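Topology and contacts: notes
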Amino acid sequence: MTTDSAAATDEKRMALRYAGVCHLCSAELPAGERAIYERAARRVRCITCPVGPKSPDASVDDGTIEQPEIEAGTAGGSARREFDRRRAKREERIREQHPRLGGLILALTDEPQSTQAWERGAIGEELMAKRLSELPEPARVLNDRRIPGTRANIDHIVVAPSGVWVVDAKRYKNKRPELRVEGGIIRPRVESLRIGGRDGTSLVAGLGKQVALMRAALDGTGVPVHGALCFLEADWPLIGGSFTVDGHHVVWPKLLVKRINEAAEHEFDIAAVCAQVAARFPLA
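These lines cover the structure that appears in this document, whether it is placed above or below.

**Observations regarding helix α7 (residues 270-280)**
By the burial criterion, the buried members of α7 are I270, A272, V273, C274, V277 and A278. On its buried face, α7 sits against β2 (20-21), β6 (140-146), β7 (153-160), β8 (163-171) and α5 (201-217). The backbone nitrogen of A271 lies 3.2 Å from a side-chain oxygen of the residue at the head of α7, namely D269.

So this is what it looks like as structure tokens:
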């Protein structure tokens, strides 16, 4: 097959199922408009935009607009900053109250559990990001994204052929996540999450709010949005163990990567959706 015929096979002229942005001229392409979908690169372009190999003496300014580079973000960055802030504030307070013995007190005492939780969270997000980095192209990962108008953040956002995944990383060492189901015959079915026997309803509710915000951000695009609670270093059983609660996946890191890879694929401009998500949820 010649290069020209291979390129032609790679392209599909179609009415877009999802809104996108032309990667050559940055024009917005609403759902339903006819455009050219480039399968290998998973991006779209206007039908009228000219393409072709550049000549060796072509001008650098060819009239195209390059898409800005999207910062992936630092996993666990905001959690680690909060841990450092609390630790420094405690040290300052103790040294002021005990000028002579402050150093000894700090050396012999641990940080409060509320402060240590921020460090555990940061480590969990760092480990999760390392696992997500194993996702093959063209998947994109955005870490530690701020939810505008709040002090909350989204740990990880994955934009992949299977859709957009909102991932909440939790590091509950040696504790087992379990699904509890009540009702279902006479009474309405109610699902709840238990972690080491303790109620985890707040975690499910928090993820649900993040997923709802993501769906609102992508409203009209038709891109599917998935939610996942990913538990690191948990006490998972040898067989089975994963489940869904209120429609959200409850998994471990390796299985999450597998789910993202194996879920049904959808044709949409990954780069454009990633840019849209990054603009709505900036770096934390």
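Having put the structure on the table, let's press on.
**Re the pattern of salt bridges**
Per the stated rule, a full pass over the model turns up 15 salt bridges. One salt bridge connects E38 with R43, and the closest N-O pair in it is separated by 2.6 Å. A relative accessible area of 7% means that E38 is categorised as buried. Residue R43 is classed as partly exposed on the basis of its relative accessible area of 32%. Measuring nitrogen to oxygen at the nearest pair gives 3.0 Å for the salt bridge that ties E126 to R80. Pair noted here: E126 is in helix α4 (residues 113-132) and R80 is in helix α2 (residues 77-97), with a separation of 46 residues, a long-range link. Exposure remark for E126: the relative accessible area of 32% places this residue in the partly exposed category. According to the relative accessible area criterion, R80 is partly exposed, its value standing at 26%.

**Examining the pairing of β6**
Bridging between β6 and β7 involves six bridges; their strand directions are antiparallel. What sits directly across from R140, in β7, is V159. Hairpin connection between β6 and β7: a loop of six residues separates the two successive antiparallel strands, and G149 in this loop has a positive phi of roughly 85 degrees.

**As for the sheet that holds strand β10 (residues 190-195)**
Pairing is antiparallel in the open sheet, where three strands are placed in the order β9-β10-β11. With partners counted over all chains shown, the strands left at the sheet margins are β9 (177-182) and β11 (198-199), one partner each. As paired strands, β9 and β10 are joined by six bridges and run antiparallel to one another. Opposite E178, over in β10, you have R194 as the bridge partner.

**Notes on the sheet that holds strand β12 (residues 225-232)**
Across the sheet, which stays open at both edges, the six strands sit in the order β6-β7-β8-β12-β14-β13 with mixed pairing between neighbours. With partners counted over all chains shown, the strands left at the sheet margins are β6 and β13 (243-245), one partner each. Strand-to-strand twist across the sheet, computed as the mean angle between neighbouring axes with direction ignored, equals 30 degrees. Bridge analysis of β13 against strand β14 (residues 248-251) gives three bridges, and the strand direction is antiparallel. From the neighbouring strand, V245 faces β14, where its bridge partner is H248. The strands touched by α5 within the sheet are β7, β8, β12, β13 and β14, with β12 carrying the most contacts at an inclination of about 145 degrees. Docked against the sheet, α7 engages β6, β7 and β8, running at close to 10 degrees with respect to β6.

**Quick notes on the packing of α4 against helix α6 (residues 253-262)**
At their nearest, the axes of α4 and α6 sit 9 Å apart, and the two run at 40 degrees to each other. Between α4 and α6, the interaxial angle falls into the category oblique. The handedness of the crossing between α4 and α6 comes out as right-handed. Here M128, R131 and L132 of α4 lie close against α6, whose contacting residues are P253, K254, L256, V257 and I260.

**Some details on unusual backbone geometry**
The linkage connecting E137 with the following residue, P138, adopts the cis geometry, with an omega of 10 degrees. The topology assignment puts P138 in the loop between α4 and β6. Phi is positive for N174, which is not a glycine, with a value near 60 degrees. Structurally, N174 is set in the loop between β8 and β9. Of the residues examined, N174 reaches a relative accessible area of 61% and is grouped as exposed. Although it is not a glycine, D246 adopts a positive phi angle of roughly 55 degrees. Topologically, D246 is positioned in the loop between β13 and β14.

Reading the values: rules and limits
- Residues numbered from 1 in each chain as written.
- Predicted model: local features only at pLDDT ≥ 70, side-chain atom pairs only at ≥ 80, totals over all residues.
- Heavy atoms only, no water.
- Buried < 20%, exposed > 50% of the residue type's maximum accessible area, 1.4 Å probe, protein only.
- Helix = DSSP H or I, 4+ residues; strand = E, 2+ residues; numbered from the N terminus.
- Contact = heavy atoms within 4.5 Å.
- Polar contact = N/O pair within 3.5 Å; in protein donor to acceptor, adjacent residues only side chain to side chain.
- Salt bridge = Lys/Arg side-chain N within 4 Å of Asp/Glu carboxyl O.
- Pairing = 2+ DSSP bridges.
- Axes fitted to C-alpha atoms, helices over the stretch in contact; angles between N-to-C directions.
- Parallel < 35°, antiparallel > 145°, perpendicular 65-115°, else oblique.
- Left-handed = near helix turned anticlockwise from the far one by under 90°.

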